[in-house]
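One-letter residues, chain by chain:
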There are 4 protein chains.
Amino acid sequence: MTKIYKNAGAISGHEIHEECGVFGIYAREKKPLAKLVYYGLTALQHRGQEACGIAVNEDRIIRYHKDIGLVHEVFTPEQLTALGCGQIAVGHCRYSTSGSQARENAQPMVVRHVKGQLALCHNGNLVNSFELRRELELKGCIFQTTSDTEVISYIIIQNRLKYGSIEDAVCAAMGQLDGAFSMIMMSPAKLLACRDPYGLRPLCCGMLEDGSYVFSSETCALDTVGARYIRDLEPGELVVADKNGIRSIRTHCDRKPKKLCVFEYIYFARSDSIIEGCPVHEARRRAGRFLAREYPADADVVIGVPDSGLDSAIGYSEESGIPYGIGLIKNKYIGRTFIAPDQETREKMVQLKLNAVRSTVEGKRVVMIDDSIVRGTTSARIVNLIRQAGASEVHVRISAPPFLNPCYYGTDVDSKENLIACRLTIPEICKLIGADSLGYLSVENARHLTGADPDSFCCACFDGKYPTAVPTHTDKDRFEVIK
Amino acid sequence: MTKIYKNAGAISGHEIHEECGVFGIYAREKKPLAKLVYYGLTALQHRGQEACGIAVNEDRIIRYHKDIGLVHEVFTPEQLTALGCGQIAVGHCRYSTSGSQARENAQPMVVRHVKGQLALCHNGNLVNSFELRRELELKGCIFQTTSDTEVISYIIIQNRLKYGSIEDAVCAAMGQLDGAFSMIMMSPAKLLACRDPYGLRPLCCGMLEDGSYVFSSETCALDTVGARYIRDLEPGELVVADKNGIRSIRTHCDRKPKKLCVFEYIYFARSDSIIEGCPVHEARRRAGRFLAREYPADADVVIGVPDSGLDSAIGYSEESGIPYGIGLIKNKYIGRTFIAPDQETREKMVQLKLNAVRSTVEGKRVVMIDDSIVRGTTSARIVNLIRQAGASEVHVRISAPPFLNPCYYGTDVDSKENLIACRLTIPEICKLIGADSLGYLSVENARHLTGADPDSFCCACFDGKYPTAVPTHTDKDRFEVIK
Amino acid sequence: MTKIYKNAGAISGHEIHEECGVFGIYAREKKPLAKLVYYGLTALQHRGQEACGIAVNEDRIIRYHKDIGLVHEVFTPEQLTALGCGQIAVGHCRYSTSGSQARENAQPMVVRHVKGQLALCHNGNLVNSFELRRELELKGCIFQTTSDTEVISYIIIQNRLKYGSIEDAVCAAMGQLDGAFSMIMMSPAKLLACRDPYGLRPLCCGMLEDGSYVFSSETCALDTVGARYIRDLEPGELVVADKNGIRSIRTHCDRKPKKLCVFEYIYFARSDSIIEGCPVHEARRRAGRFLAREYPADADVVIGVPDSGLDSAIGYSEESGIPYGIGLIKNKYIGRTFIAPDQETREKMVQLKLNAVRSTVEGKRVVMIDDSIVRGTTSARIVNLIRQAGASEVHVRISAPPFLNPCYYGTDVDSKENLIACRLTIPEICKLIGADSLGYLSVENARHLTGADPDSFCCACFDGKYPTAVPTHTDKDRFEVIK
Amino acid sequence: MTKIYKNAGAISGHEIHEECGVFGIYAREKKPLAKLVYYGLTALQHRGQEACGIAVNEDRIIRYHKDIGLVHEVFTPEQLTALGCGQIAVGHCRYSTSGSQARENAQPMVVRHVKGQLALCHNGNLVNSFELRRELELKGCIFQTTSDTEVISYIIIQNRLKYGSIEDAVCAAMGQLDGAFSMIMMSPAKLLACRDPYGLRPLCCGMLEDGSYVFSSETCALDTVGARYIRDLEPGELVVADKNGIRSIRTHCDRKPKKLCVFEYIYFARSDSIIEGCPVHEARRRAGRFLAREYPADADVVIGVPDSGLDSAIGYSEESGIPYGIGLIKNKYIGRTFIAPDQETREKMVQLKLNAVRSTVEGKRVVMIDDSIVRGTTSARIVNLIRQAGASEVHVRISAPPFLNPCYYGTDVDSKENLIACRLTIPEICKLIGADSLGYLSVENARHLTGADPDSFCCACFDGKYPTAVPTHTDKDRFEVIK
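None of the values given here were measured: they were computed from a predicted structure.

1. A few points about the interface of chain C and chain B
Phase 1 of the analysis: Contact with chain C, which involves 64 residues of that partner, is made by 64 residues of chain B.
Phase 2 of the analysis: Carbon and sulfur atoms make up 60% of the area that chain C and chain B hide from each other, which totals about 4900 Å².
Phase 3 of the analysis: Interface area lost by chain C to chain B is led by C:His72, C:Tyr333 and C:Ile339, which between them contribute 14%.
Phase 4 of the analysis: Taken together, the connections running from chain C to chain B amount to two salt bridges.
Phase 5 of the analysis: Where C:Lys332 meets B:Asp307, a salt bridge forms, and the shortest distance between an N and an O atom there is 2.8 Å.
Phase 6 of the analysis: Across the contact surface, chain C and chain B share 18 residue pairs in polar contact (both at pLDDT 80 or more).

If you want it as structure tokens, here you go:
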């Protein structure tokens, strides 16, 4: 059967996915906000390419549109016009792990409740969603999606009945939810943004020239819409924008140690974003420098696997003195509906997504920097490409430590059986991928990529030190995975 | 602005819409049920043309697909294959009155709850949904659609927690819901079909050659899939099909007087369907015969406005002895995306959807039978067409009484201000539409169309005698109508 | 494999197809002509449902859009707007017999040549296209389509080099082309319409209120756009509309005996159209009357197979005194992308497209009128439907003579091996379709349907008397039929 | 009005477009060639993103599919399967300059003629197409497209009548055509590839493991399908692959001085391609080195504008010793249907397509390498971006000489009035784009990018030395540009 690679990245690109990007604007005055959110989401598209949506609040009425596809596929000019103007708006892009009912899981989740409407955009994953969902079900709640976000909506709305305001409801919810959640919510009159007490996922705030507040997963979307960066939200903080301006609520949550996902720096975020004061590009370059010290190589050229390996390659080059080169070219035109070759043909067509630049690597001893090795097959193919283009040696350096543990916080770093580093030793992996040498960034250095407190990062996928309880049940236990 | 008539019927066709068709199969053995439901829904498409969906239960896992569009637009071969085989399946087609969020309101509604999944297809409208929804909201329930069906899902699922089985839960719900509901539901192991205690909407049952049970809004869908008609469900009856066979539950509901919507016979149903023993075609022919007696005309030919006026015209011809003729031709190719002319042009292009057959009407005194007059503009246009084609007189006969009251049971017979018969006398309407004479079927005779007990019909839109309480709040009060 | 019935008519409807409808307007003043043509083509859609196109001439520049699909599928509001306003416009709808490269064969054919542009719409089929094409090829002409229309374009344009005007070029071409051609053409400054010397295909002319000239295959499209019918073009006539008004050229062609396709009356044309003075509905009714005389039946009810059988059924009823009834209902919602059942399932789902009205036929001796029997399978299915609905006898009457010969003039009446009447006697066919009796209209009476000279019709598919030479080579010999 | 950027590159990317990529395979044995061409075209997609097509020859029958869109948009698995297997296949991707009738201009052009079919794919532009077309028109030829390719088809086919073989016909045509043409053609039995006598556009040849011959505009497509590079075609060479193997014909053309478009190295080609022995990446790096010598800068970091500026930036860095940095990030998710901001908003949203990496440029004196300046607005925006990100100085270096003359050979380097370098001096341009200094590569050095004979390049857009006559008439004179 002919197979369409819904996620073309799989052909020979990266295999780890962030699940979401969130974006929100509080403008106060009616403006064509749908379009602004559209541009914001386009800048966050790397965080989720399977579905997206925008909700606009015009005079307390929330309209929305969401569907499967990239931002520019889901929204036509007609649809943006239909969503039109409003005082508040939120948007979401998503990489869905769940398959066939993906459309239902698209966000924003927009619900009606006793006090009006609520639109909710969530980046992250809860570790107690099984228990929360079970509890809600026992109260007679029904679920139309398989996403945590519906659980969160219930929790907030049920709090809303007990408390006098949506912010009190969200504050209370933040104590009930465990796991990763950077959220942007819109009530009839307010925009709310919050970050879980560990700060596992990033979330920042900016301001447009006209005084509108903007919230975004990453600063690159602030840049895109022309907003000035103000600051990152703090872990456990709730920021509320309403007609009285903006205010921060920080007293409601138990103070937890900050645990920002270090893989945001290594891979997820766009390299022009700045997270908690540290430019992502800088962190990646530093990873390259660390690698050069940890795993020096006697080589002629340093190349990076596009896109995130490029930054680290520069760092490696700087530290080692080995010249930086452009050794791999990525085909930009492999879209969502690209028809992948069958297994047999694929072997012969390794260069479909990546091709080696022969003049860079021919006759050279090459250091190749990539950000991860998941199952090893992709890495093996790339190494082979470089050898076929004439490299005499290929030394692979990975700008992250080996994946040894699944992630429960909203990325799809997989179960142990799929992680090559759980099954093989580093020399074995080196052999498998056909490299002359292989070095991974140490966890220790991964904690020092940004200059911040080394304990303020979640490195659980590398070292197994989960900041939260580990979920006893996962979604896969509950929901049949439907292909 | 160029306007696309999403409901092309509006151009010069009928202006009253049924809201839904429901269909379900319990096959016990795994079969390609999605396709069977597809054919069943195609036969019920006249009951709802805006959205449709199919859910298939394979080994207790429910998969579904639903979207805006006709059945043949929403389902591709790939999607049918993806839904594939199963033991139980349900389907729904819908005419949505609510506008922009129509996709969310598409059915089947598929929910997860503490005991598994439930897929629900509903034809009808509740009169106490405002109160039920309010009550649920006060318990912290959230709503993702604006349809009654979500309310019903909650009621059933909350009952499910109290009672030992899904059938007990549905039985209890049938006592809580007030209004019209013919429903087909699918739990992990059962197919359930029920009809409200008044029997406002039709629902029948049949059997395939292989012993599979089929439920459908109308018998025409049984014919289509090759099922043998067994019987109509009784008002207040719940039929359950599971591995133990089929059984009927009738004891749980207060016995209410039967009140089948008489407009099902007059307009909604397909004329090859048989409802509660009476062929729809026969009822319409009888309406024509009654009209001939109530409003005879000195005329040369009787013609019908396609499609439902044709049956009545034959009856009128039979009773009056005036020859039947084909006087109007309908363009079959005006689809959902047809671009309607602007107001000015429309006047000149009356024949876009209907055209007169000159040789039938030229120089003749014509009796023209239609099934309703809503705002009068369409009727005026058709009368004018016939005159332009040379008719010397046009006597309009309506195979239904005048609409004087809104319908709360799942059709869109509108508010009083939009119903011409509330504002004008019959002579005034006659003048407005340019007819030489005008006669409506009497309510008395409308009650005698089928031979059944004349009190067993709901004629509320004609006589205001609502079988249920009249809702104090309507959806329009609650949900902003978003254009 | 799942099969989509591209032409859903095939499921259980008619199997004979006309190939084209043509439409043109000369407005002189700039107007939104694309939309007018859109409405005109919608009225002619029954003549061709596989592809369509519109070309608009604005200030001597011709823009066009054409594609596969129904008129309302091919044209979006954006595309109509893009074509926009102009002084002259033409349109075409087509039933394509050729398959995969159907898009290329869509019309209007728009070509550039030494004197500017020419847009050409053609209904009919040449019998000497093989020879003409060959001759052109030998001069170095290249062909991008497989349609006659490209041949005609070459002939006209090559004449254009020799003669001083486009009308002279067309006049000369009319002498070179042999076969059926009703054409509407648009040069930078003129609209031209012509009919072949036999008048095999219809073509008429009308006028809008503002004085614009309209040409159309049938009068129903004149009605639709609000044009007053002026007259049918005469066989061999060329009408030219330009800034000097309208003028007719008749002297250029050898006078041939008129041979209008009688099947236009029997089946192709819409029953509200009037061709050469005779209403199509009237001709069909007359066919019914003739049948009642030729093949009377002792029966209780006369029914027609929708759509064109209905008119004849009324005639049969009138003549025989047997009451007319509605015995078959057609599902209107089976669109182009309808997924047809596989062979096995189809047997069980005969009612997919047509269903019997039980109350009309149950316990009755039924006369069923249809317009043709091609392969017999469809007829057998319909007869069976009526029996299953309880008819005690089914007497089939066909409002046309048996097909015994292929048509070379633009319909797809097939080769002899596919025509049942070539292989079986009438009693054999009667048995095959399961009828109690079977009667075909006599060729003699077919020639008397309209009151015009009985020799003025082409009945070649019935009697083999081709007005032209029979082509020695057909397209099928030349062009690989690609599935 | 909301505007969709059909060519999203325009937002802030490059403004020069190549018009085509060509690809062909001669497999001899029947294979699923459509898919191979699909992969080949995906690798050539950068050469043309507006339309594409594939033609497959199975047993001498040519089937094709072409449409507007990217390769992965135009071809579904169903369509590839329909084209299926064959012995020979060709494909084309195109950047269309002509607008609304773009679908007609899509290639391959497939024509039927006296000897069978011919499929033709063309990269380049003729300078004598006006004259050739005129001549053909005067012979009565008609044109259905506005592309040169149709002219070429006629020329070849008319030669075909005179000569005994398709290769003789093509040889003769190569003498009649003047301008740029790298072509791949498919006759019923042969694959033919040729390059114009100047070799203005590239074309190379390779071989699959199974012995199939592959022709492609660039070697990157050979890599992609796993073909081994054999050699580039020589200027004026015709290569024919048929059942007798492959053979080269070189004697038929007047030997012209080789004039390969130098801008292929500078911008058009993918940097992993190798043209006439010189890796494109290498040529670009060399451009950077030349720039460093011609226009040194006292700076802290060298950055490139993605994508083609990156290679040159590395060269500049190498030569100057100034460190290379990643200073700009390109948003990969701006697809064809991206909705561009209106003029006013765009000013505020400069970072929509490109964003500066603050940590690379902040506080630094930056050398920024781009490949061209067309109108200056894009360059001004990028310079501004870098300044806003904190750069203290921005020194712009262009890896090409200034555009001073239009290109007549298949790119859209525009008319003089649109080329900024024709209107402004370099200091004026420097000021306009807001740079601290500006340096263009000298024409002299542009001729030395590859190490080949400096006279073997066409630099006409820079120095006005056209290898051919300059066309007196352009397509724009003939064909109304329809928006």
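Don't stop here, the text continues.
2. So, the sheet that holds strand S7 (residues 116-123) of chain A
All names here are of chain A.
Phase 1 of the analysis: The strand order across the open sheet built from six strands is S6-S7-S8-S9-S13-S14, with neighbouring strands paired in antiparallel fashion. Edge positions in the sheet fall to strand S6 (109-113) and strand S14 (245-249), since each of these pairs with one other strand and no more. Averaged over all adjacent pairs, the angle separating strand axes in this sheet is 20 degrees, with direction ignored.
Phase 2 of the analysis: In the packing of helix H7 (residues 166-176) onto the sheet, the strands contacted are S7, strand S8 (182-186), strand S9 (191-195), strand S13 (238-242) and S14, and the crossing angle to S9 comes to about 15 degrees.

3. Some details on the sheet that holds strand S2 (residues 20-31) of chain B
Residue and element names in this part refer to chain B.
Phase 1 of the analysis: Sheet architecture is open: seven strands sit in the order S4-S3-S5-S2-S11-S10-S12, paired in antiparallel fashion. The sheet is open, and its two borders are formed by strand S4 (61-68) and strand S12 (228-232), each paired with just one other strand. Across the sheet, the mean angle separating the axes of adjacent strands is 15 degrees when strand polarity is ignored.
Phase 2 of the analysis: With seven bridges joining them, strand S3 (residues 51-58) and strand S5 (residues 86-94) adopt antiparallel strand pairing. Opposite Gly53, over in S5, you have His92 as the bridge partner.
Phase 3 of the analysis: On the sheet, helix H1 (residues 33-44) packs against S2, S3, S5 and strand S11 (213-216) and is oriented at approximately 160 degrees with respect to S2.

4. Some thoughts on the packing of helix H5 (residues 129-138) of chain B against helix H6 (residues 148-162) of chain B
Residue and element names in this part refer to chain B.
Phase 1 of the analysis: Relative orientation of the contacting elements H5 and H6 amounts to 55 degrees, with a least axis distance of 10 Å. Put simply, H5 runs oblique to H6. Taken as a pair, H5 and H6 cross one another with a handedness that is left-handed. Only Asp148, Val151, Tyr154, Ile155 and Gln158 of H6 make contact with H5, whose side of the interface consists of Ser129, Leu132, Arg133 and Leu136.
Phase 2 of the analysis: When the residues that make up the contact of H5 with H6 are grouped by side-chain class, the tally is five nonpolar, two polar and two charged.

Basis of the calculations
- Residues numbered from 1 in each chain as written.
- Chains lettered and ligands numbered in written order.
- Predicted model: local features only at pLDDT ≥ 70, side-chain atom pairs only at ≥ 80, totals over all residues.
- Heavy atoms only, no water.
- Contact = heavy atoms within 4.5 Å.
- Buried area = accessible area lost by both parts, 1.4 Å probe.
- Salt bridge = Lys/Arg side-chain N within 4 Å of Asp/Glu carboxyl O.
- Polar contact = N/O pair within 3.5 Å; in protein donor to acceptor, adjacent residues only side chain to side chain.
- Pairing = 2+ DSSP bridges.
- Helix = DSSP H or I, 4+ residues; strand = E, 2+ residues; numbered from the N terminus.
- Axes fitted to C-alpha atoms, helices over the stretch in contact; angles between N-to-C directions.
- Parallel < 35°, antiparallel > 145°, perpendicular 65-115°, else oblique.
- Left-handed = near helix turned anticlockwise from the far one by under 90°.
- Nonpolar A, V, L, I, M, F, W, Y, C, P; charged D, E, K, R; others polar.

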